[in-house]
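The chain contents come next:
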Amino acid sequence: MNMIKPALLQPGDRVAAVTLSWGGPYVFPHRFEAGVRQIREVLRLEVVPSRHALRDPAWLLRNPAARADDLMEAFADPSIKGIISSIGGDDSIRIVPFIKPDIIRAHPKVFLGYSDATVTHLACLKSGLISFYGPSIMSGLAENKGIPGYLLDSLRRLLFDPDTGAIIRENQGGWTRDFLDWGDPLNQERRRAFREPSRWNILQGTGCYRGHLLGGCADVLEMVKQTDLWPSLDLWDNAILFLENSENAVSPQIFKQWLRNYSAIGVLDRIGGFLFGRPGHMKPEQFQAYDDVIQQVLVAECGRTDIPIVTQMDFGHTDPMFTLPYMTSCEIDIAGRRMTLGAAVS
């Protein structure tokens, strides 16, 4: 599938903030404004809220068409050079009937977000546009005491540099899932407690492997299966499947059932690699249970001894996170413990 690369972002560009699910900017306006401020000061972008981005959660819940209209208007507006999800949620799937792929295809631009934004990423994929699985305005870009350098590095290389793509290495600065209540504005000035750096867990593989990136939040992908947005089987050929779970962190047993479904529908027979993000809101001692499930399904049951399997990675519901561009080339260097991503903007 020939994908459209969006134009790179440049300092001074206007980017739209869209609220496609939960009305977080209304509930925690200071958190949203912190993200807007840090994007302006660090990335030099001007954030423009879409028409309904700041509406209350109850109104947004009743009006999925309005949320989709915001997205379509942001794509169609020539003064807007990129679109960033304000925050996730759990019902972006309800905007699907109102998304117009022809508008996305006719006005390609950067779309950035994660979690429930997986729905919009697959809408971009259906439209033939590369999009970016990475931070949202309120989570990641509004990080207490400033945007982490590890997050910034991949974001800048992917969205602002037209040539190099990005080299993703293990995070040497530590990671956190420490929770500080967004309801207290004073917490914004407190740095969260960070754990010691942890290495990616290489369950399988030697040498280098190449493929294209496809995946998202596992919870949301379950809602997308059997809809028109679900990628056709040929798109999974040699795909590097990246999955992560949300802060709700389904049990390893349920995750195993989900993986078995990927096998039943033919996906696991076709992929060229498997990446799993650090499980959201879980303690490190609980990670092994997910790794055991992944090995059971992919290796013992599906016989995929030929692909790289790397877990406990720094994307999705962990902080700081790196960004992954959909349908973009990815080389996994097992010995070097790094990934090289192709240029995703033009």
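To start, this report covers the structure provided alongside it. (Residues numbered from 1 in each chain as written. Predicted model: local features only at pLDDT ≥ 70, side-chain atom pairs only at ≥ 80, totals over all residues. Heavy atoms only, no water.)

**What about the nonpolar core?**
Membership of the largest hydrophobic core comes to 111 residues, with the highest contact counts inside it found for L243, F255, F274, L275 and L298. What F274 contacts, discounting residues up to four positions off in sequence, is L241, L243, L259, I294, L298, P308, I309 and V310. (Core = buried A, V, L, I, M, F, W, Y, C linked by side-chain atoms within 4.5 Å. Buried < 20%, exposed > 50% of the residue type's maximum accessible area, 1.4 Å probe, protein only. Contact = heavy atoms within 4.5 Å.)

**So, the layout of surface pockets**
A volume near 800 Å³ is recorded for the largest pocket. Considering the residues around the largest pocket, the lining is formed by 37 residues, among which W22, I87, W182, E247 and H317 are closest to the centre. Ranked by the residues each element gives to the lining of the largest pocket, the list is headed by helix α8 (residues 218-224), at three residues. Looking at the lining of the largest pocket, its residues break down into 13 nonpolar, 13 polar and 11 charged. Its boundaries defined by the atoms lining it, the second largest pocket holds a volume of some 150 Å³. Every residue lining the second largest pocket is counted, 13 residues in all, and those nearest its centre are A7, I80, K81, P108 and K109. Looking at the lining of the second largest pocket, the elements with two or more residues in it are α4 (64-76) and β3 (80-85). Class assignment of the residues belonging to the lining of the second largest pocket gives a composition of seven nonpolar, two polar and four charged. (1 Å grid on protein atoms, 1.4 Å probe; cavity = no way out; pocket = protein on both sides within 12 Å on 5 of 7 lines; lining within 4 Å. Points joined across faces, edges and corners; volume = space filled by probe spheres on them. Helix = DSSP H or I, 4+ residues; strand = E, 2+ residues; numbered from the N terminus. Nonpolar A, V, L, I, M, F, W, Y, C, P; charged D, E, K, R; others polar.)

**Points about unusual backbone geometry**
The step from D319 to P320 runs through a cis peptide bond, and the omega angle for that step is -5°. Relative to the helices and strands, P320 is located in the loop between β11 (309-313) and β12 (324-325). The phi torsion at S115 lies on the positive side, around 60°, for a residue other than glycine. With respect to the helices and strands, the residue S115 is situated in the loop between β4 (110-113) and α6 (118-127).

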